[in-house]
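Chain by chain, the residues run as shown.
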Amino acid sequence: MAKAAVLRKPKKKVNPLDKESITYIDYKDTALLRKFISDRGKIRARRVTGVSARQQRQIAKAVKNAREMALLAYTTTAR
Amino acid sequence: MRHYEIMVILDGSLEERTVAPSLDTYLNVIRTAGGSVEKLDVWGRRRLTYEINKKAEGIYAVIDLHAEPAAVAELDRQLRLNESVLRTKVIRPEVR
């Protein structure tokens with residue numbers, strides 16, 4: 001029912017960056033960046049990743065820099 | 001003086017051991033302009049996730065340096081003139 005859906009509290013997400021105390025998001029750290037992209041190479045939304053707005057911007061920048069340097073893929077041909 | 005980080009992708013068909021000395025000659029641009037080169041890190045040969053100039057492999061190198069903006073711009077320009085340099089990226093790690 002619609003009313004039940006409104007009342008349901010969303011599960012609180014733990015910030016994955018704060019948990020590992022990462023302050024600087026490096027575009028060279030592809031292992032870290034891979035956590036924030038889907039299997040098709042798209043950047044995951046903030047509601048999925050659970051990071052702060054500022055961190056999300058830094059992640060987006062880092063992913064785009066990594067793509068430019070052929071460290072991450074722009075597109076995946078699989079599927 | 002500003003801290004810069006420059007990443008260079010070189011042609012994968014190059015000899016890996018010649019990379020560090022040849023990059024070092026380029027870095028003289030920085031040294032003569034009064035800058036200092038902190039670190040020259042050659043990652044070695046690596047598969048590119050997509051082809052650049054029809055090449056599937058590249059040799060990655062990361063340079064850490066302190067220099068004036070003009071000196072870095074000149075270094076970047078000279079690197080781009082070299083045909084075996086597939087791509088460069090200049091980053092200021094503190095600016096985020």
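Look up a bit, the structure's there.
Being a predicted model, the structure only gives us computed values, none of them experimental.

In the structure shown here, the tally under the stated rule is two aromatic pairs over all chains. Summarising the aromatic geometry, the rings of Tyr 74 of chain A and Tyr 50 of chain B are spaced 5.5 Å apart at their centres and angled 50° between planes, so their arrangement reads as tilted. With one member in each of two chains, Tyr 74 of chain A in the segment after α5 (53-68) and Tyr 50 of chain B in strand β2 (residues 36-52) form a pair that bridges those chains. The exposure class of Tyr 50 of chain B is partly exposed, given its relative accessible area of 21%. Here the aromatic rings of Trp 43 of chain B and Tyr 60 of chain B are separated by 5.7 Å at their centres, their planes lie at 15°, and the arrangement is stacked. Pair noted here: Trp 43 of chain B is in strand β2 and Tyr 60 of chain B is in strand β3 (residues 55-67), with a separation of 17 residues, a long-range link. Owing to a relative accessible area of 30%, Trp 43 of chain B belongs among the partly exposed residues under this scheme. A cation over an aromatic ring shows up here: Arg 46 of chain B above the ring of Tyr 60 of chain B, its NZ or CZ 5.5 Å from the ring centre.

For α5 of chain A, built from 16 residues, the straight-helix expectation of 22 Å at 1.5 Å per residue is met to within 8% by its first-to-last C-alpha distance of 23 Å. When α5 of chain A is considered as a whole, its buried residues turn out to be Gln 55, Gln 56, Gln 58, Ile 59, Ala 60, Ala 62, Val 63, Asn 65, Ala 66 and Arg 67 of chain A. Considering only its buried residues, α5 of chain A is in contact with α2 (16-19), α3 (30-33) and α4 (46-49) of chain A together with β2 and β4 (85-91) of chain B. Positive phi shows up at Ala 70 of chain A, right after α5 of chain A, with a value of about 60°.

This part covers the environment of Tyr 50 of chain B. Residues contacting Tyr 50 of chain B, with those up to four places away along its chain left out, are Arg 67, Glu 68, Met 69, Ala 70, Leu 72 and Tyr 74 of chain A together with Lys 55 and Arg 87 of chain B. Polar contacts involving the side chain of Tyr 50 of chain B include one to the main-chain carbonyl oxygen of Arg 67 of chain A, which spans 2.6 Å. In terms of polar contacts, Tyr 50 of chain B uses its side chain to reach the backbone carbonyl oxygen of Glu 68 of chain A, at 3.1 Å.

Taken together, the contact pairs 14 residues of chain A with 17 residues of chain B. Taken over both partners, the interface formed by chain A and chain B buries close to 1500 Å², and the fraction arising from carbon and sulfur atoms is 56%. Ionic pairing is found between Lys 28 of chain A and Glu 5 of chain B, a salt bridge with its closest N-O pair at 2.7 Å. In this assembly, chain A and chain B are joined by ten residue pairs in polar contact (both at pLDDT 80 or more). A breakdown of the residues in the side of chain A that touches chain B according to their chemical character gives nine nonpolar, two polar and three charged.

Procedures and definitions
Sequence order as written defines the numbering, with residues in each chain counted from 1. Chains carry letters and ligands carry numbers; both start at the beginning, A for chains and 1 for ligands, and go up in the order they are written. Per-residue local features of the predicted model are confined to residues with pLDDT of at least 70, and side-chain atom pairs are confined, for both listing and counting, to 80 or more; whole-chain, interface and lining totals are unaffected and use all residues. Where side-chain values are given, they derive from all heavy atoms of the structure, hydrogens and water being excluded. Stacked, edge-to-face and tilted labels apply to pairs of Phe, Tyr and Trp rings (six-membered ring for Trp) whose centres lie within 6.5 Å, assigned for plane angles under 30 degrees, over 60, and everything in between, in that order. Strands here mean DSSP runs of E at least two residues long; helices mean DSSP runs of H or I at least four residues long; both are numbered from the N terminus. In this scheme, a residue with accessible area under 20% of its type's maximum is buried, one over 50% is exposed, and one in between is partly exposed, where area comes from a 1.4 Å probe on protein chains only. Counted as over-ring charges are cases with an Arg CZ or a Lys NZ within 6 Å of the ring centre that also lie within 35 degrees of the ring normal. In this analysis, the expected span of each helix is defined as 1.5 Å times one less than the number of residues it contains. Throughout, a contact is declared for two residues whenever any of their heavy atoms are within 4.5 Å. Under the rule applied, a polar contact is a pair of N or O atoms within 3.5 Å (in protein, one hydrogen donor and one hydrogen acceptor; residues adjacent in sequence only if both atoms are side-chain atoms). What counts as buried area is the accessible surface, traced by a 1.4 Å probe, that two parts surrender upon association, with contributions from both included. When a carboxyl oxygen of Asp or Glu lies within 4 Å of a side-chain nitrogen of Lys or Arg, that pair is called a salt bridge. Gly counts as polar in this scheme, as do all residues outside two lists: the nonpolar Ala, Val, Leu, Ile, Met, Phe, Trp, Tyr, Cys and Pro, and the charged Asp, Glu, Lys and Arg.

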